[in-house]
Amino acid sequence: MSSEKIEIKANAKINLTLDILGTRDDGYHEVAMVMQEVSLHDNLYMEKTDGGIELEIPGSDLPADNTNLCYRAAAVIVEECGLNAGVKITLDKHIPIAAGLAGGSSDAAAVLKGMNQLYELKLSEEKLCELGARLGSDIPFCIMGGTMLSTGRGEILERLPDFPEVDIVLAKPKVGVSTAWAYKTYDAGYTGPHPDNKAMIKAIEQGDILSASKLLCNVLESVTIKKYAIIDRYKKEMLDKGALASMMSGSGPTVFGIAPDASVAEKMAAAIKNIDNEAAVFTAKTVGRNRG
């Protein structure tokens, strides 16, 4: 007998690398990036209803209508599977918005998985990823999780060995960054370093955290730092307090730091709060596909 209600977590992601290889004929950018699931998460509560889609997001300014990715993900399942039923979704937000952490994509991925579970639809992970890709390039990664090489426009995924479990600090200043703006500004001319994805994958395969830390690289970082110098200050502060490495995730503005242990992570988090009391700061861990 299937459940009438379920609770599901939606984990955030960070980029260990992010490279842009050019602009595609379809207008998207060709990317190559190593993406990593982390334990910072939203909670979604889903309940069967007789029909329609109802979305509530207590304490958030996010729209709870058919423009929201959660709503759209539920609608895709209803349409694809011809469901004569609906769902009530309550989203408890913790992942910052417009932060480079794929919060919206993760929530949508959780709804796709949740609808599959709630209504025992038996859709394969591959099918869920196909449906997710219709809504957003990061959604297939958020469905699969763990550590992945992402290419194409972000929807082509190659499973990598789990990145070792490490303590990380995530810090988002009180600004939002438009992904479209970041990519457009990058196109105007970038001359900085590019990631060595082959070396990063080798370091991950060997479980070599120190080497992987030295290989962090995000081509959008300099673009966003030029507009928001606080990002560079966060990075320096984390490194000063003992981070193995620190970098901006996605198009930003969130900065993450890899810590050698939990006590150093706490010092890094406290240092960021000390220099910017408006920062949203979280301690978390990397999440592996095989360790949940």
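Here the structure is shown first, and the text comes after it.
So, here is what we can say about the structure in this document. Just so it is clear, the structure is predicted and the values come from calculations on it, not from any experiment.

## Some words on the environment of Asp 276
1) Next: With respect to the helices and strands, the residue Asp 276 is situated in the loop between helix H10 (262–275) and strand E12 (280–285).
2) Next: The spatial distance from the C-alpha of Asp 276 to the C-alpha of Ala 171 is 10.0 Å, given a sequence separation of 105 residues.
3) Next: Not counting the four nearest positions on each side in its chain, Asp 276 is found in contact with Pro 173, Ile 230 and Tyr 234.
4) Next: At a separation of 2.6 Å, a polar atom in the side chain of Asp 276 contacts the side chain of Tyr 234.
5) Next: One polar contact links the side chain of Asp 276 to the main-chain amide nitrogen of Glu 278, over a distance of 3.1 Å.

## A few points about helix H1 (residues 69–81)
1) Next: With 13 residues, H1 extends 18 Å from end C-alpha to end C-alpha; this agrees with the ideal 18 Å at 1.5 Å per step.
2) Next: Turning to H1, its buried residues number three or more, namely Cys 70, Ala 73, Ala 74, Val 76, Ile 77 and Val 78.
3) Next: Buried residues in H1 make contact with strand E3 (29–49), strand E4 (53–56), strand E5 (86–92), helix H2 (103–118) and helix H3 (125–133).
4) Next: A side-chain oxygen of the first residue of H1 lies 2.7 Å from the backbone nitrogen of Cys 70; this N-cap is Asn 68.
5) Next: The first or second residue beyond H1 is Gly 82, which carries a positive phi of 60°.

## Details of the sheet that holds strand E10 (residues 245–248)
1) Next: With antiparallel pairing, the four strands of this open sheet are ordered in space as E10-E11-E8-E12. Two strands in the sheet have a free side with no partner beyond their single neighbour: E10 and E12. Averaged over all adjacent pairs, the angle separating strand axes in this sheet is 20°, with direction ignored.
2) Next: The pairing of strand E8 (residues 167–172) with E12 spans six bridges and is classified as antiparallel. Pairing of Leu 170 across the sheet is with Phe 282, part of E12.

What counts and what doesn't
Residues numbered from 1 in each chain as written. Predicted model: local features only at pLDDT ≥ 70, side-chain atom pairs only at ≥ 80, totals over all residues. Heavy atoms only, no water. Helix = DSSP H or I, 4+ residues; strand = E, 2+ residues; numbered from the N terminus. Contact = heavy atoms within 4.5 Å. Polar contact = N/O pair within 3.5 Å; in protein donor to acceptor, adjacent residues only side chain to side chain. Expected span 1.5 Å × (residues − 1). Buried < 20%, exposed > 50% of the residue type's maximum accessible area, 1.4 Å probe, protein only. Pairing = 2+ DSSP bridges. Axes fitted to C-alpha atoms, helices over the stretch in contact; angles between N-to-C directions.

In short, the description is geometric, and any link to function would need to be established separately.
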